[in-house]
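Fold and contact review
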Amino acid sequence: MKILVCISNVPDTTTKISFSSDNSAFNAAGVQFVINPYDEWYALVRALELKETLGGNVTIVHVGGPESEATIRKGLAIGADDAVRIDAEPNDAFAVAEQISAYVKDKGFDLILAGKETINYNGSMVGAMLAELLNMPFISMATKLDISGTTATIEHDIDGGTEVVECSLPLVLSANKGMAEARIPNMRGIMAARTKPLTVVPAVAADKLTSISSYELAKGRTECKFIDAAHPEQLIDLLHNEAKAI
Amino acid sequence: MSVLVYTEIAKGKIKKASLEAVNYGSRIAAQMNTTVTAVIIGDADLTDLGKAGAKKVLKLKNDKLSDLNGQYLTAAIEQAASAENASVIIFSSDFTGKEIAPRLAAKLKAGIVAGAVGDPVISGDSFTVKKNVFSGKATAMYSIHSAKKIISLLPNSFPVTLGEGTAEVSDFAVNLDSINSPVKVKEVKKVTSELNLPDAELVVSAGRGMKGPENWAMVEELAKELGAATACSRPVADMHWRPHHEHVGQTGVAIRPNLYIAIGISGAIQHLAGVNGSKTIVVINSDKEAPFFKSADYGIVGDAFEIVPKLVEAVKNFKANHN
C-alpha cells in the first residue's frame, strides 16, 4: 500500500493574526507554524494506522518553500517514511493541485489523503482539484476509512447526514474529524525524522487563477451587554427589540 | 453568456442555500447584462427558483445522477454550463458544493473563491470576492483572473429575496456514458432532527457547564420554544453526552446563525472559530471571566440551571404576547 498525505504549513490555531501595514500580506514574523491539524491528526495519523496494519509506505507531500521544512520534519517524526517538498509558493489552490498532480501522476499511489481544509485559507479545494487532475474519485469529509484488499470503505459527511461508500483504489480523500486520534511524536520518532529522506522537487509551470489583493481583520464585537441573572426575561426583550434576532 | 447556479432539493423543497445562490447569481447577471440558469436534480415545486431570479431551470436527467456522485455531477454541470455558455458558476459551499465546485474548477480551469461572504466587485473581466480566512479571524479579497469563474457561497451569509419572476423549466439530458465511477453508495444515514444545524437561523448550544447529559432537557426545551437547533461544544461530543453532528467549532460544524446562545461554554478559540460568524451571540456562564464574554453581544453571569428555565418561561410569554 502506497499512501500519499498532502500537508500544509499553517499558523498555529491560537496565533494572533496580523497583516502588513498596507494589508496586502499576512505577517508571519514570530508566528508558530504547524502541520494543518486536519492534515495531521486525521489524514496522516490514519495513513500511519493503515500502514501499521496493512504494510506499505507513507509519503508526505508539501508545496512550499524551505521555511516549511520544520513542519515537514514533524510529519516524519510522527511516523511518515519519507517526504517530498515541491518548491513552489502555495498561493493558489489550483496551482498547488497542479504541482502535486505533476509529481504524483506516475508514482502509483493507492491512496491520496488531505485534510478537509486548511485552517488559514479555509478553502477545502486542493483534494477535489487533485482528484480531477488525476481522473480519480474523490470522497470528501471522510470520518472513517478502512481498506480491505483493493477496496476502501469510507464513511463521510454529506448534507443532512452521513453516507457510507465503497470505492476501489486508487482514490483521493479529504479527512474530517473522527478518522483517527492525534499522535504526539516521541523522542525516537524525532531522532529518526532527522535522517528520513526529504526530497526537494522543482516546481512545474502552473496556472495561478486567483490571488489575494488585501486582507482585513474581522471586526470585533462591541462591548458585551450584561443582563441581570435574576431577570433573564430582559434578554428576550433585547433580542427582539434591539438585536432583532427573534 | 450566462450565470449558471447549481441548486438542490431537500425534504421536497428548494434548499434555502440554493435560493441564496440564485439571488447572488442574479445580482451578478444584472451587472453582466445576462441571465441566470439554475440547474437541479429531482422533482419539487420549482417556482421559487424563478422568484429568486432564475430565467431558466434545467432539470439534469441521467440515471447515474441519483447518488450525487462527484464525478458524474461535475460532468453534468460542465455539460449544462457549456450548453448555456456560462462564464460564471455559483454553488453553495455546503458539503456537496465543497466536493463538486473545486472539481469543476479544475476541469474548466476556472478560478474559484470558496466560501464567499460578499458580492463580487466586477471590473472588466476581473472579479474580486470577499471570503473569510484564518477561520473567521480575518477576511481576504480574492481576485479571479480566469475567463471562467466559480464562486461558492458561505451558507447563511446572504439574505433571500423572492420577487415575481418566473423561470422556464426544461429537461436537460446529460451524457455520462464515458464515465464509470468506482464509488458505490452502501448506506445513507440522515440526521433525524427536524432542523439541520448548518441551515438553522437560531441555535442553542451547551457545553461542559451542563455537568452531564441528563441535564440537557432544559437546553432542548429552550431550543424548542425558540424554534432553534441544538448544538454543543467539542468536549461534550467527545464525552458522548451529545451526538457528534451537534459539535460546532473548528473541528466540528461551522455555523452562522442569526442567533447563537451558548450555555456553559467557556469559549475556547477553537469553538469561536466555528461560531464567530453568528450575527448575535448570547453567552450564559457562571464564570464571569469566561473568555466567551469577550466575543458576545449579550451575557448573563450566573447558574445555567436557574437561568435557562426562566428563559424558557420568558420565551413562552414572549410568544404568547406576539401572536
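Going by the structure above, here's the rest.
A brief report on the enclosed structure follows. (Residues numbered from 1 in each chain as written. Chains lettered and ligands numbered in written order. Predicted model: local features only at pLDDT ≥ 70, side-chain atom pairs only at ≥ 80, totals over all residues. Heavy atoms only, no water.)

**Considering the overall build of chain B**
Assigned secondary structure in chain B consists of 8 helices and 18 strands. A compact globule built from 323 residues should have a C-alpha radius of gyration of about 20 Å, and chain B, at 21 Å, falls within 12% of that. Along the first, second and third principal axes, the C-alpha atoms of chain B reach 60 × 45 × 40 Å. Excluding contacts between residues fewer than 6 apart, the proportion of contacts in chain B whose partners are at least 24 apart in sequence is 64%. (Helix = DSSP H or I, 4+ residues; strand = E, 2+ residues; numbered from the N terminus. Rg over C-alpha atoms; globule rule 2.2 N^0.38 Å. Contact = heavy atoms within 4.5 Å.)

**Examining the sheet that holds strand S6 (residues 111-115) of chain A**
Read across the open sheet, the 10 strands follow the order S11(A)-S5(A)-S4(A)-S1(A)-S6(A)-S10(A)-S7(A)-S8(A)-S9(A)-S13(B); overall the sheet is mixed. On the outer flanks of this sheet lie strand S11 (198-202) of chain A together with strand S13 (184-190) of chain B, each paired with one strand and no other. Direction aside, the axes of adjacent strands within the sheet are offset by 30° on average. By the bridge criterion, 5 bridges tie S6(A) to strand S10 (residues 171-175) of chain A in an arrangement that is parallel. In the strand pairing of S10(A), Leu113(A) is matched with Leu173(A). Contacts between helix H3 (residues 93-104) of chain A and the sheet are confined to strand S1 (2-6), strand S4 (57-63), strand S5 (82-87), S6 and S11 of chain A, with S4(A) contributing the most and set at about 140° to the helix. Its contacts with the sheet put helix H4 (residues 95-108) of chain B on strand S7 (138-148) and strand S8 (151-158) of chain A, and the angle it makes with S7(A) is roughly 95°. (Pairing = 2+ DSSP bridges. Axes fitted to C-alpha atoms, helices over the stretch in contact; angles between N-to-C directions.)

**Describing the interface of chain B and chain A**
The interface is formed by 84 residues belonging to chain B together with 81 residues belonging to chain A. Interface area, chain B with chain A, both sides summed: about 6800 Å², of which 58% is carbon and sulfur. Inspection of the chain B/chain A interface yields 7 salt bridges. Its salt-bridge partner being Glu166(A), residue Lys186(B) comes within 3.8 Å of it at the nearest N-O pair. (Buried area = accessible area lost by both parts, 1.4 Å probe. Salt bridge = Lys/Arg side-chain N within 4 Å of Asp/Glu carboxyl O.)

**A look at the nonpolar core**
Within soluble globular proteins, side chains that are nonpolar tend to cluster in buried spots. All names here are of chain A. Residues Val-5, Leu-111, Leu-113, Leu-145, Ile-154 and Leu-173 are the most contacted members of the largest nonpolar core, which totals 40 residues. If you tally residues by element for this core, the top one is helix H1 (residues 37-54), at 7 residues. Ignoring any residue separated from it by four or fewer positions in sequence, one finds Ile-154 in contact with Ile-139, Ala-142, Lys-144, Leu-145, Glu-163, Val-164, Val-165, Leu-171 and Leu-173. (Core = buried A, V, L, I, M, F, W, Y, C linked by side-chain atoms within 4.5 Å. Buried < 20%, exposed > 50% of the residue type's maximum accessible area, 1.4 Å probe, protein only.)

**Things to note about the packing of aromatic side chains**
Enumeration over the complete set of coordinates arrives at 12 aromatic pairs over all chains. Ring plane angle 35° and centroid distance 6.5 Å describe the contact between Tyr260(B) and Phe292(B), whose orientation is recorded as tilted. Highlighted residues: Tyr260(B) in strand S16 (residues 259-263) and Phe292(B) in the loop between strand S17 (280-285) and strand S18 (298-301), separated in sequence by 32 residues. In this pair, the class of Tyr260(B) matches that of Phe292(B), namely buried. Among the aromatic side chains, those forming a connected cluster through ring pairs are Phe19(A), Phe26(A), Tyr121(A), Tyr215(A) and Phe134(B). Above the ring of Tyr103(A), the side-chain terminus of Lys107(A) is found at 4.3 Å from the ring centroid. Against the face of Phe127(B) rests Lys149(B), its NZ or CZ located 5.0 Å from the ring centre. (Phe/Tyr/Trp six-rings, centres within 6.5 Å; stacked < 30°, edge-to-face > 60°. Lys NZ or Arg CZ within 6 Å of the ring centre and 35° of its normal.)

**Details of the environment of Leu113(A)**
Residue and element names in this part refer to chain A. Inspection of the secondary structure puts Leu-113 in strand S6. Classification of Leu-113 by relative accessible area gives buried; the value is 0%. Between the C-alpha atoms of Leu-113 and Gly-127, which are 14 residues apart in sequence, the distance is 7.7 Å. Beyond its immediate sequence surroundings of up to four residues, Leu-113 is in contact with Ile-3, Leu-4, Val-5, Cys-6, Ala-43, Ala-47, Leu-145 and Leu-173.

**Quick notes on the environment of Ser148(A)**
All names here are of chain A. Relative to the assigned elements, Ser-148 resides in strand S7. Look at Ser-148 and you get exposed, because its relative accessible area is 56%. Sequence separation between Ser-148 and Leu-54 is 94 residues, and the spatial gap between their C-alpha atoms is 9.0 Å.

**Focus: the side chain of Gln71(B)**
Mapped onto the secondary structure, Gln71(B) falls in helix H3 (residues 70-83). Given a relative accessible area of 12%, Gln71(B) falls into the buried group. A polar contact of 2.8 Å, which involves the side chain of Gln71(B), links it to the side chain of Ser181(B). Setting aside its immediate chain neighbours within four residues, Gln71(B) contacts Met136(A), Pro137(A), Arg103(B), Ile179(B), Ser181(B) and Pro182(B). (Polar contact = N/O pair within 3.5 Å; in protein donor to acceptor, adjacent residues only side chain to side chain.)

**Describing the sheet that holds S17(B)**
Reading across from one edge, S13(A)-S18(B)-S17(B)-S16(B)-S14(B)-S15(B) is the order of the 6 strands in this open sheet, with parallel pairing throughout. Two strands bound the open sheet, and with one partner strand each, they are strand S13 (225-226) of chain A together with strand S15 (229-232) of chain B. Sheet analysis places strand S14 (residues 202-206) of chain B next to S15(B), joined by 4 bridges and oriented parallel. The partner of Ser205(B) across the bridge, within S15(B), is Ala231(B). The sheet contacts of helix H5 (residues 217-226) of chain B involve S14, S15 and S16 of chain B, and relative to S14(B) the element is tilted by about 175°.

**Digging into the pattern of salt bridges**
Summed over the entire model, instances satisfying the criterion amount to 33 salt bridges over all chains. We note a salt bridge from Asp159(A) to Lys15(B), for which the minimum N-O separation is 3.8 Å. Of the two residues, Asp159(A) is situated in the loop between S8 and strand S9 (161-168) and Lys15(B) in the loop between strand S3 (13-14) and helix H1 (16-32); the pairing between them involves two chains. The salt bridge partner of Asp238(B) is Arg234(B), with a shortest N-O separation of 3.1 Å. Of this pair, Asp238(B) and Arg234(B) both sit in helix H6 (residues 234-238), 4 residues apart, roughly one helical turn.

**Some remarks on helix H8 (residues 304-321) of chain B**
Residue and element names in this part refer to chain B. In a regular helix each residue adds 1.5 Å, so 18 residues correspond to 26 Å; H8 covers 25 Å between its end C-alpha atoms and thus fits that length. For H8, every residue scored as buried is listed here: Ala-304, Ile-307, Val-308, Leu-311, Val-312, Ala-314, Val-315 and Phe-318. Here H8 starts with a cap whose side-chain oxygen sits 2.8 Å from the backbone nitrogen of Phe-305, and that cap is Asp-303. (Expected span 1.5 Å × (residues − 1).)

**Re the environment of Met136(A)**
Mapped onto the fold, Met136(A) is located in the loop between helix H4 (126-134) and S7. Classification of Met136(A) as buried rests on a relative accessible area of 11%. Separated by 37 residues in sequence, Met136(A) and Leu173(A) place their C-alpha atoms 10.0 Å apart. Residues contacting Met136(A), with those up to four places away along its chain left out, are Ile112(A), Ala131(A), Pro170(A), Leu171(A), Val172(A), Gln71(B) and Arg103(B).

**Things to note about the packing of H3(B) against H4(B)**
All names here are of chain B. The contact between H3 and H4 brings their axes to 9 Å, and the two run at 55°. Judged by the inter-axis angle, H3 sits oblique to H4. Taken as a pair, H3 and H4 cross one another with a handedness that is right-handed. On H4, the residues that touch Gly-70, Gln-71, Leu-73, Thr-74, Ile-77 and Glu-78 of H3 are Thr-96, Glu-99, Ile-100, Arg-103, Leu-104, Lys-107 and Leu-108. (Parallel < 35°, antiparallel > 145°, perpendicular 65-115°, else oblique. Left-handed = near helix turned anticlockwise from the far one by under 90°.)

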